[in-house]
Amino acid sequence: MTPRFPLRVEADHARRWPGADKLATECIVNLIRTQSLVVTELDTVFRRHGLTGPGFNVLMILDGADEPLSPHVIGDRRLVTRGTVTGLLDTLEKQGLVRRTSHPGDRRKLLVECTSKAKRLLQRVCGELFPLQAEVMAGLSREDKATLVHLLGRLQEHLDEWRQTPSSSVKGLRSR
């Protein structure tokens, strides 16, 4: 049987689970489910072209930059650690999609840029990806999409601030 959308938790959820908020749990469950559905669709395009979602994001960051970027800057823009970026860059370099060069002002640092092969690949991937994104979001009106972006931005801002707070209302459960 196909699940009904949005997904719901039991009516007595908060009673059964002290400290739970039924609506908060439903928000989280539906965010996770939606993310899974969207990623599954987008990954079909990436796999067809020998990419992953994170690898594609790195290529888009580099392609949109006016100059080669350091791995640190790429990590900041991807919101991941430099170690994670290093692994992605290793893979993309093996595929001939990025080039690492020494920083002209500091030979201890590296700069990264897309190759012409990556630029051609991005043209093909984006030619499939952006129409797919439009189709995936076609169930929402323009106003709905704007509202969704606004609400997700508010949630992201809250989470960023919450992560920066030394203590939370749920002591000992947050990982750093």
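Scroll up a little and you will see the structure.
Residues numbered from 1 in each chain as written. Predicted model: local features only at pLDDT ≥ 70, side-chain atom pairs only at ≥ 80, totals over all residues. Heavy atoms only, no water.

**Quick notes on the overall build of the protein**
Thinking step 1. Secondary structure summary: the protein contains seven helices and two strands in total.
Thinking step 2. In sequence order, the protein lays out its α and β elements as α-α-α-α-α-β-β-α-α.
Thinking step 3. Since a compact globule built from 176 residues should have a radius of gyration of about 16 Å, the 20 Å found for the protein marks it as more spread out than a globular shape.
Thinking step 4. Each of the three principal axes of the protein carries a C-alpha extent, and together these read 60 × 40 × 30 Å.
Thinking step 5. In the protein, which comprises 176 residues, the share counted as buried stands at 24%.
Thinking step 6. Carbon and sulfur atoms provide 56% of the accessible area of the protein, an area that totals close to 12700 Å².
Thinking step 7. Once the 28 positive and 21 negative side-chain charges of the protein are each reduced to a mean point, those two points are 4 Å apart. (Helix = DSSP H or I, 4+ residues; strand = E, 2+ residues; numbered from the N terminus. Rg over C-alpha atoms; globule rule 2.2 N^0.38 Å. Buried < 20%, exposed > 50% of the residue type's maximum accessible area, 1.4 Å probe, protein only. Areas by Shrake-Rupley, 256 points an atom, 1.4 Å probe, with all protein chains shown as cover. Lys, Arg positive; Asp, Glu negative; His and termini not counted. Charge placed at Lys NZ, Arg CZ, Asp CG, Glu CD.)

**So, the layout of surface pockets**
Thinking step 1. Roughly 1900 Å³ of internal volume is contained in the largest pocket.
Thinking step 2. For the lining of the largest pocket, the elements supplying multiple residues, two or more each, are α2 (22-48), α3 (53-64), α6 (116-136) and α7 (142-164).
Thinking step 3. For the lining of the largest pocket, the element with the highest residue contribution is α2, accounting for 16 residues.
Thinking step 4. In the lining of the largest pocket, the residues fall into 25 nonpolar, 12 polar and six charged. (1 Å grid on protein atoms, 1.4 Å probe; cavity = no way out; pocket = protein on both sides within 12 Å on 5 of 7 lines; lining within 4 Å. Points joined across faces, edges and corners; volume = space filled by probe spheres on them. Nonpolar A, V, L, I, M, F, W, Y, C, P; charged D, E, K, R; others polar.)

**Digging into the pattern of salt bridges**
Thinking step 1. In this structure the tally under the stated criterion is 10 salt bridges.
Thinking step 2. The closest approach of N and O atoms between Arg 48 and Glu 128, which form a salt bridge, is 2.9 Å. One end of the pair, Arg 48, is in helix α2; the other, Glu 128, is in helix α6, and 80 residues separate them in sequence.
Thinking step 3. The class for Arg 48 is exposed, based on a relative accessible area of 54%. (Salt bridge = Lys/Arg side-chain N within 4 Å of Asp/Glu carboxyl O.)

**Notes on the environment of Arg 33**
Thinking step 1. Inspection of the secondary structure puts Arg 33 in helix α2.
Thinking step 2. Overall, the relative accessible area of 30% leaves Arg 33 in the partly exposed class.
Thinking step 3. When the C-alpha positions of Arg 33 and Leu 7 are compared, they lie 8.5 Å apart, and in sequence the two are 26 residues distant.

**Things to note about unusual backbone geometry**
Thinking step 1. Here the residue pair Phe 5 and Pro 6 is connected by a cis peptide bond, since its omega of -5 degrees sits within 30 degrees of zero.
Thinking step 2. With respect to the helices and strands, Pro 6 occurs in the segment before α1 (13-16).

**So, α6**
Thinking step 1. Spanning 21 residues, α6 covers 30 Å between terminal C-alpha atoms, matching the ideal 30 Å at 1.5 Å per step.
Thinking step 2. Approximately 30 degrees is the largest bend angle found in α6, and it occurs at Cys 126.
Thinking step 3. Taken together, the buried positions of α6 are Ala 118, Leu 121, Leu 122, Val 125, Cys 126, Leu 129 and Leu 132. (Expected span 1.5 Å × (residues − 1). Bend = angle between axes of the 7 residues up to and from the residue.)

**Quick notes on the side chain of Arg 78**
Thinking step 1. Locating Arg 78 in the fold gives a position in helix α4 (residues 71-78).
Thinking step 2. In contact with Arg 78, not counting residues within four places along its chain, are Pro 54, Asn 57, Val 58, Ile 61 and Leu 88. (Contact = heavy atoms within 4.5 Å.)

Everything listed here is a matter of geometry and, on its own, says nothing about what the molecule does.
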